[in-house]
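Descriptive analysis of the structure
Each chain, written out:
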Amino acid sequence: MSAASAIAVLERNWRGSYTVPAAGLYPHQWSWDSAFIAIGLRHVSARRAQQELESLFAAQWDDGRLPQIVFTRDNDGAYSPGPLFWRSERIPGHPPMSTAGLVQPPNHAWAVQLVHEADPAESARRGFLERVYPALLRWHDYLRTIRGGPNGLTFLVHPWETGMDNAPTWDAPLAALPEVDLGEIERPDLQHADQSERPSNAEYSRYLYLAAANRDEWDVSAAPFRVVDPLANALLARSEEALAAIAAEIGQSPEPHRAERARLTTALDALWDAELGCYVPWDDVAGRPLRARTVSGISPIVLAGLPRADELVATLRGPHFALGEAVLVPSYDLLASDFDPSLYWRGPSWFNMAWLVAEGLAVNGADDDARRLRADLAALAEPSGYAEYLDPWTAAPHGTRSFSWTAALALDALSR
Ligand code: 9WN
């Protein structure tokens, strides 16, 4: 792979202070995308990577929330639901720009740490860490308090918040919602991707119902969909580790962050499923675990020294994820009866998940696996046209092309 073509994707998707995930399908700024994108951009320009993150932090709500989407002005019809649906300007505590009211997984402090390390001199010159540390503290406080759920873990109120929108684990909690018929649903996404590769209309009507429920009523503790997801909590713990490093750099105490990282790592154990050999989400409305093997359940491997790391590596190498044989890391159990190799989060391999798993393998002593996975990630991105996701058996590209985090993380994998 040549770095030049990945950089070209990031250039094309750059909008002056942030990067859109994909020009057609996702024409605004997305929260966890920006963090992944910054991790790649730091190899192109540390300054630009800082800007990518800071433009997201500028859209922080008064309660500390970093929004799922920051809308590009005058672009309402391009993506649904857009700024007219969210009408954030009418909701107390809104930021100066128009945003969605939901959140996405908290990989931001981790990205800040990596961006800083790429060019500490430029970071110091701009006072980058000092400026973003308070925003990160408020973000984590929001997740700890307003989103504080069972076992002291953070909970999410919409499949979009999990980052893995139509993962099979969300089928049951979505099915338990009241029947909603919203009539004709606007689907601008289908102008850019095939229906067979996107969530169904039935799923979309529930997504919109939940979005409306969480837009107008901010008592998230009573939200009709409440899940505790391994991925969000693993990234929160990893980001606390990053906050410890950031705090130490700027003369603050790293101790509270170390303690929080340890607390979350221990708390995650409540989600462990010994029979499946991975973590599973908790449905806090039904009061039961959502038992299936997804890559979210593998993601706590990003935590160095995780007591379950060896068990996760064994699960990865086993038939359900086939590490080394399958393409990257499938998003869902290869042996599940409803595994689908081309449908979004119901089987395909995503580059961000491969990146996370490779990080985890590397910090938990599986260096050869990590090296191979990073090499595959870098090798597969360009020939796929920087696809959104791949068939885990054939590597056939699916979803949108010229997808920013695919380019950014391939660039990062290449430079390791
Ligand atoms: C809803 C932007 C986002 C990613 C998510 C991915 C997809 C959006 C959608 O695209 O979700 O947020 O419209 O499908 O699932 O992880 O952040 O790339």
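Residues numbered from 1 in each chain as written. Predicted model: local features only at pLDDT ≥ 70, side-chain atom pairs only at ≥ 80, totals over all residues. Heavy atoms only, no water.

1. So, the environment of Ser 80
To be explicit about the condition: Numbering of helices and strands starts at the N terminus; helices are DSSP runs of H or I of at least 4 residues and strands are runs of E of at least 2. By definition, residues are in contact when any of their heavy atoms lie within 4.5 Å.
Structurally, Ser 80 can be placed in the loop between strand E2 (69-70) and helix H4 (83-86). Counting along the chain gives 47 residues from Ser 80 to Gly 127, while the straight-line C-alpha distance between them is 37 Å. Apart from the residues within four sequence positions on either side, Ser 80 is in contact with Glu 186, Pro 188 and Tyr 204.

2. Quick look at unusual backbone geometry
Note the threshold: Burial status follows relative accessibility: with a 1.4 Å probe on protein chains alone, a residue under 20% of its type maximum counts as buried, one over 50% as exposed, and anything between as partly exposed.
The step from Ser 80 to Pro 81 runs through a cis peptide bond, and the omega angle for that step is -5 degrees. The phi torsion at Arg 87 lies on the positive side, around 30 degrees, for a residue other than glycine. By the element assignment, Arg 87 lies in the loop between H4 and helix H5 (108-118). Its identity is not glycine, yet Tyr 386 carries a phi of approximately 55 degrees, on the positive side. Checked against the element boundaries, Tyr 386 lands in the loop between helix H15 (367-381) and strand E9 (389-390). The exposure class assigned to Tyr 386 is buried, which follows from its relative accessible area of 4%.

3. Things to note about the site of the ligand
For the record, the criterion: Note on terminology: near, applied to a residue and a molecule or strand, indicates that one of the residue's heavy atoms is within 4 Å of it. Distance and chemistry together define a polar contact, namely a pair of N or O atoms within 3.5 Å, with one atom able to donate a hydrogen and the other to accept it when in protein, and with adjacent residues in sequence counting only for side-chain atoms on both sides. Values of accessible area rely on a 1.4 Å probe in the Shrake-Rupley scheme; residue burial ignores everything except the protein chains shown. Note on residue classes: Ala, Val, Leu, Ile, Met, Phe, Trp, Tyr, Cys and Pro are nonpolar, Asp, Glu, Lys and Arg are charged, and everything else, Gly too, is polar.
Around the ligand lies a shell of 17 residues, among which Asp 33, Tyr 79, Gly 163, Asp 165 and Tyr 344 are the nearest. The contact in question runs from an oxygen atom of the ligand to an N or O atom on the side chain of Asp 33, over 2.6 Å. Within the side chain of Tyr 344, an N or O atom sits 2.2 Å from an oxygen atom of the ligand. Summarising the interface, the protein chains cover 100% of the accessible area of the ligand, which totals 410 Å² for the free molecule. Looking at the shell around the ligand residue by residue, the class counts come to 11 nonpolar, 3 polar and 3 charged.

4. Details of the sheet that holds strand E3 (residues 227-228)
Just so we agree on the cut-off: Strand pairing is assigned whenever DSSP identifies at least 2 bridges connecting the two strands.
Ordered in space as E3-E6-E7, the 3 strands form an open sheet in which the pairing is antiparallel. Either end of the sheet is taken by a strand with one partner, and the two such strands are E3 and strand E7 (288-289). Judged from the 2 bridges that link them, E3 and strand E6 (residues 282-283) form a sheet pairing that is antiparallel. Bridging across to E6, Val 227 finds its partner in Asp 283.

5. Let's talk about the environment of Pro 289
Along the chain, the position of Pro 289 falls in strand E7. By relative accessible area, which is 32% here, Pro 289 ends up partly exposed. C-alpha of Pro 289 to C-alpha of Ala 237: the two residues are 52 residues apart in sequence and 21 Å apart in space. Every residue in contact with Pro 289, bar those within four places of it in the chain, is listed here: Val 280, Pro 281 and Trp 282.

6. Re H15
Heads up, the condition is: Expected helix span is given by 1.5 Å per residue-to-residue step, counting one fewer step than there are residues. Within this analysis, the arc is defined by the directions that extend from the helix axis to the C-beta atoms.
Between its terminal C-alpha atoms H15 stretches 21 Å, which fits the 21 Å expected from 15 residues at 1.5 Å a residue. Of the residues making up H15, those classed as buried are Asp 369, Ala 370, Leu 373, Arg 374, Leu 377, Ala 378 and Ala 381. For H15, the arc enclosing every buried residue in end-on projection is 165 degrees, short of the 170-degree limit, so these residues lie on one face. Taken together, the buried residues of H15 touch helix H13 (309-317), helix H14 (351-363) and helix H16 (404-414).

7. Brief notes about the side chain of Ser 384
Position of Ser 384 among the secondary structure elements: in the loop between H15 and E9. The class for Ser 384 is buried, based on a relative accessible area of 6%. Among the polar contacts made by the side chain of Ser 384, one reaches the main-chain carbonyl oxygen of Ala 381 at a distance of 2.7 Å. Ser 384 has contacts with Phe 351, Leu 390, Pro 397 and Arg 401, leaving out every residue within four places of it along the chain.

8. Describing the packing of H14 against H15
Stated formally: Helix axes are fitted to C-alpha atoms over the stretch in contact, other axes to C-alpha atoms as well, and angles between N-to-C directions run from 0 to 180 degrees. The scheme is simple: roughly parallel for angles under 35 degrees, roughly antiparallel for over 145, roughly perpendicular for 65 to 115, oblique for anything else. In this scheme the handedness of a crossing depends on how the near helix is turned from the far one: anticlockwise by less than a right angle means left-handed, clockwise means right-handed.
Between H14 and H15, the least distance of the axes is 8 Å, while the angle of their chain directions is 155 degrees. The angle between H14 and H15 places the two elements in the roughly antiparallel class. Note on packing geometry: the crossing formed by H14 with H15 is left-handed. Each of Phe 351, Ala 354, Trp 355, Val 357, Ala 358, Glu 359, Leu 361 and Ala 362 in H14 lies in contact with H15, whose residues at this interface are Asp 367, Asp 369, Ala 370, Leu 373, Arg 374, Leu 377, Leu 380 and Ala 381. Of the residues belonging to the contact of H14 with H15, the class tally is 12 nonpolar, no polar and 4 charged.

9. Focus on the packing of helix H2 (residues 31-41) against H14
Contact pair H2 / H14: the axes reach a minimum separation of 12 Å and the direction vectors enclose 60 degrees. Judged by the inter-axis angle, H2 sits oblique to H14. Here H2 and H14 pass one another in a crossing that is left-handed. Where H2 approaches H14, its residues Trp 32, Phe 36 and Ile 39 are matched on the opposing element by Asn 352, Met 353, Trp 355 and Leu 356. Grouping the constituent residues of the contact of H2 with H14 by class yields 6 nonpolar, 1 polar and no charged.

10. Description of the pattern of salt bridges
Condition: By salt bridge we mean one thing: a side-chain nitrogen of Lys or Arg within 4 Å of a carboxyl oxygen of Asp or Glu.
Applying the stated rule across the entire model yields 32 salt bridges. Asp 284 is the salt-bridge partner of Arg 226, the closest N and O atoms lying 3.5 Å from each other. Of this pair, Arg 226 sits in the loop between helix H10 (201-216) and E3 while Asp 284 sits in the loop between E6 and E7; the two residues are 58 residues apart in sequence, bridging distant segments of the chain. Connected through salt bridges with shared partners, the residues Arg 42, Glu 359, Arg 374, Asp 412 and Arg 416 form a single ionic network.

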